[in-house]
Amino acid sequence: MGKIILTGDRPTGRLHIGHYVGSLKRRVDLQNAGQYEKMFVFIADAQALTDNIDNPEKVRQNVIEVALDYLACGLDPTKATIFIQSQIPELCELSFYFMDLVTVSRLQRNPTVKTEIQMRNFETSIPVGFFTYPISQAADITAFRATTVPVGEDQEPMIEQAREIVRRFNHIYGDTLVEPEILLPDNAACLRLPGTDGKAKMSKSLGNCIYLSEEADEIQKKVMSMFTDPDHLRVQDPGKIEGNTVFTYLDAFCRPEHFERYLPDYPDLNELKAHYQRGGLGDVKVKRFLNAIMQETLEPIRNRRKEFEKDIPAIYDMLKQGCDVARAAAADTLSDVRKAMKINYFDDADLIAEQVKKFAAEK
């Protein structure tokens, strides 16, 4: 069997540059590299409902937003299967079987779940669906026999839990499921891009994002108000680059050719950092440089998105076709799972013959 990628995003808003550097750009590169037999990219609406159950319209409206961002970034439905999670009922059945393989205490120890629960103030009233979403994610991965899951480092505990489920299933029922490997961003700055306010996580709910579809003036406004070194009060003051959001973004987005185009006074990023650290370089100059880079990066994505927005019915048709392909793949895996678990009653001719012989002998 060839290598298969599975990855996705929750439709709770438009996608932002954290998604782009953390996963989206890598997905497009992997899609075009030709090293993977299949790529499945899904919009995780069912998972989004676990903490938005009282606002389904939010999820419903953002499915198309995420699909548009996917296409604008370069995901190609002729090379990748793009689908909607809730339209694959086989995933629910697989999740149900996996629930018997995981203890409550193991779910409680999952660091990602613990962090997400705290962020949403769910400590005293955790929705069961949200609490068990590592199990649902394992079903998403294994249903498509994914060998590779490209995610940010915050998702490592989730992938490890999926691997545990696969190992336990295969130990009990025989070698049936594929154990996935995690694929982290190759640029350390992209592992978890901070918010524009300097907070550790870029989040739609915190309002510290730069969206992929953002207009040029809004991007500039957000970059110029970005968190830097709070002690760098005067141009001549030495500045810190550690924890300085502007330099973290430069690490993620800056390429050598950007200096030739936008800041020819410096040969590379190391020299820019050195000048800032010894003093004599103001935040405004560095932010203007970052803004030029962000505008160059996001303008083509924004323009492609506007073209796709002209034919929304075609986007839904693309998603429907993707769902059909994804459901067939998931059904094939589920058939193997039922057979391994010995609950394929109507497909097991040997079982029926055995029962006929058994009851005939009793007469």
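Residues numbered from 1 in each chain as written. Predicted model: local features only at pLDDT ≥ 70, side-chain atom pairs only at ≥ 80, totals over all residues. Heavy atoms only, no water.

As named in an unreviewed UniProt entry, the protein is Tryptophan--tRNA ligase, taken from Bacteroides salyersiae CL02T12C01. Quoted verbatim from the Sequence similarities (unreviewed entry) field of UniProt, the annotation for the protein is "Belongs to the class-I aminoacyl-tRNA synthetase family." (UniProt positions renumbered as here; feature names shortened; annotations may be inferred.)

Turning our attention to the overall build of the protein. The secondary structure content of the protein amounts to 16 helices and 5 strands. Across the 363 residues of the protein, 51% fall into the buried class. Taking as baseline every contact in the protein between residues at least 6 positions apart, the subset at least 24 positions apart corresponds to 77%. By element, 51% of the accessible surface of the protein is carried by carbon and sulfur atoms, the whole surface being about 18000 Å². Side chains of the protein carry 46 positive and 55 negative charges; the gap between the two charge centres is 1 Å. (Helix = DSSP H or I, 4+ residues; strand = E, 2+ residues; numbered from the N terminus. Buried < 20%, exposed > 50% of the residue type's maximum accessible area, 1.4 Å probe, protein only. Contact = heavy atoms within 4.5 Å. Areas by Shrake-Rupley, 256 points an atom, 1.4 Å probe, with all protein chains shown as cover. Lys, Arg positive; Asp, Glu negative; His and termini not counted. Charge placed at Lys NZ, Arg CZ, Asp CG, Glu CD.)

Here the focus is helix α15 (residues 312–341). The end-to-end C-alpha distance of α15, which contains 30 residues, comes to 42 Å, matching closely the 44 Å that a straight helix rising 1.5 Å per residue would cover. Just past α15, the residue Lys342 takes up positive phi, approximately 60°. (Expected span 1.5 Å × (residues − 1).)

In this model, the largest pocket occupies a volume close to 1200 Å³. Listed by contribution, the elements that provide at least two residues to the lining of the largest pocket are β1 (4–9), α1 (17–33), α6 (111–119), α8 (133–143) and β4 (148–150). Grouping the constituent residues of the lining of the largest pocket by class yields 17 nonpolar, 17 polar and 12 charged. For the lining of the largest pocket, the two domains that each supply at least three residues are domain 1 (2–190 + 311–351) and domain 2 (202–306). (1 Å grid on protein atoms, 1.4 Å probe; cavity = no way out; pocket = protein on both sides within 12 Å on 5 of 7 lines; lining within 4 Å. Points joined across faces, edges and corners; volume = space filled by probe spheres on them. Nonpolar A, V, L, I, M, F, W, Y, C, P; charged D, E, K, R; others polar. Domains from an automatic or database assignment.)

Here we come to the packing of helix α4 (residues 90–98) against α8. α8 packs onto α4 with a crossing angle of 120° between their chain directions and a minimal axis gap of 8 Å. Compared by their axis directions, α4 and α8 come out oblique. Here the hand of the crossing between α4 and α8 comes out right-handed. The residues of α8 that touch α4, namely those facing Leu91, Leu94, Ser95 and Phe98, are Ile135, Ser136, Ala138, Ala139, Asp140, Thr142 and Ala143. Split into classes, the residues belonging to the contact of α4 with α8 amount to 7 nonpolar, 3 polar and 1 charged. (Axes fitted to C-alpha atoms, helices over the stretch in contact; angles between N-to-C directions. Parallel < 35°, antiparallel > 145°, perpendicular 65-115°, else oblique. Left-handed = near helix turned anticlockwise from the far one by under 90°.)

Among the 6 residues in strand β2 (residues 38–43), 5 count as buried, and that is most of the element. Tracing the backbone out of β1, into α1 and back to the parallel element β2 gives a crossover that is right-handed. The pairing of β2 with strand β3 (residues 81–84) spans 4 bridges and is classified as parallel. Across the sheet, the residue bridging to Phe42 is Phe83, located in β3. (Right-handed = clockwise from strand over helix to strand, strands pointing away. Pairing = 2+ DSSP bridges.)

Quick look at the domain arrangement of the protein now. Partitioning the protein into structural domains gives domain 1 (2–190 + 311–351) and domain 2 (202–306). Using C-alpha coordinates to define each centre, domain 1 is positioned 33 Å away from domain 2. Of the residues lining the interface, 20 residues belong to domain 1; the matching set on domain 2 comes to 19 residues. For the pair domain 1 and domain 2, the summed buried surface comes to about 1700 Å²; carbon and sulfur atoms form 64% of the total. Contact with domain 2 buries area across many residues of domain 1, yet Arg14, His16 and Ile17 alone supply 39% of it, more than any other trio. Applying the counting criterion to the domain 1 and domain 2 interface returns 2 salt bridges. For Arg305, the salt bridge goes to Asp69, with nearest N and O atoms at 2.8 Å. Between the two partners, domain 1 and domain 2, sit 6 residue pairs in polar contact (both at pLDDT 80 or more). Class assignment for the residues of the side of domain 1 that touches domain 2 results in 10 nonpolar, 6 polar and 4 charged. (Buried area = accessible area lost by both parts, 1.4 Å probe. Salt bridge = Lys/Arg side-chain N within 4 Å of Asp/Glu carboxyl O. Polar contact = N/O pair within 3.5 Å; in protein donor to acceptor, adjacent residues only side chain to side chain.)

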